[in-house]
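Close look at the chain arrangement
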Amino acid sequence: NLAAHVEKVSQIMKARGLNVEQVRHLEYAEVVPLIEAASYEENDVVQELWADLLVSALDPKSNVSIEKVYVGLLKEIGVAEAVILRFIWRYTGKRNFRGFDSQAVSAAYQDLEREWRVIDDSKRASALQNLRRLGCLSPHVEPPELHNLLYGLNEYSPGLTKVAGVNAVEFNK
């Protein structure tokens, strides 16, 4: 795994036009935990995230540093999470669909079919949930009003038994 990580780092550096003489010095305490954690990863897609983080930290033009939180987050990322994050970055990181022509939207759809929809439904669902848990995805959702969340509380009639319940639609929001 470590050899694959080193190879990916080398490829990314080459693609960015970086050589060993140009890289920024990294502190032992920041780079060793990253390399150790990256060495446990077997999947190519996730290994690429580790390599990207390291190269970004090495790049003197970048302001990225290796924070413990980044290493912790990447330890929690699996293949499905990496695929969706890469897709989101590719299509919304620098541009949005409003500026795309129909050919670009078609290409995005094909990428989605090839990379994301081949992953099992349950793995996709848990990946999205994990990304929300990690704070990597946070769709804008209006919190429900309490009076809409519960029903039956304000409908008391003497002599009738009323059961209060949860409005499932509002609760799921």
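Please refer to the structure placed before this passage.
Residues numbered from 1 in each chain as written. Predicted model: local features only at pLDDT ≥ 70, side-chain atom pairs only at ≥ 80, totals over all residues. Heavy atoms only, no water.

1. Describing the pattern of salt bridges
The following threshold applies: Salt bridges are defined as contacts in which a side-chain nitrogen from Lys or Arg sits within 4 Å of a carboxyl oxygen from Asp or Glu. Numbered from the N terminus, helices here are DSSP runs of H or I no shorter than four residues, and strands are runs of E no shorter than two. With a 1.4 Å probe rolled over the protein chains alone, any residue whose accessible area is under 20% of its type maximum counts as buried; one over 50% counts as exposed, and the rest are partly exposed.
Within the structure shown, the criterion is met by six salt bridges. Here Glu76 makes a salt bridge to Arg133, at a shortest N to O gap of 2.8 Å. In this pair, Glu76 sits in the loop between α4 (68–75) and α5 (79–92) while Arg133 sits in helix α7 (residues 121–133), placing the two residues 57 residues apart along the sequence. Take Glu76: its relative accessible area is 39%, and that puts it in the partly exposed class. Residue class for Arg133 comes out exposed when judged on its relative accessible area of 55%. Through salt bridges with shared partners, a single network forms among Arg86, Arg114 and Glu115.

2. Details of a nonpolar patch on the surface
Rules: To count toward a patch, a residue needs a relative accessible area over 30% and no salt bridge; like charges are then connected within 9 Å, while nonpolar side chains (Val, Leu, Ile, Met, Phe, Trp, Tyr) are connected within 5 Å. For the area figures, the Shrake-Rupley method with a 1.4 Å probe applies, and any residue is considered shielded solely by the protein chains shown.
Nonpolar side chains collect at one region of the surface, where Leu2, Val6 and Ile35 lie side by side and expose about 230 Å² of accessible area between them. Here Leu2 lies in helix α1 (residues 2–16).

3. A short note on α1
Operational definition: One less than the number of residues in a helix, times 1.5 Å, gives the span that helix is expected to have. As used here, the arc is the angular range of directions from the helix axis to the C-beta atoms.
Between its first and last C-alpha atoms α1 spans 21 Å; for 15 residues at 1.5 Å apiece the expected length is 21 Å, and the two agree. Among the residues of α1, His5, Lys8, Val9, Ile12 and Met13 are the ones counted as buried. Axial view of α1: buried residues confined to an arc of 135°, hence all on one face. More than 90 degrees from the buried face of α1, the exposed residues found are Ala3, Lys14 and Ala15. Two residues or fewer after α1 comes Gly17, characterised by a positive phi angle close to 75°.

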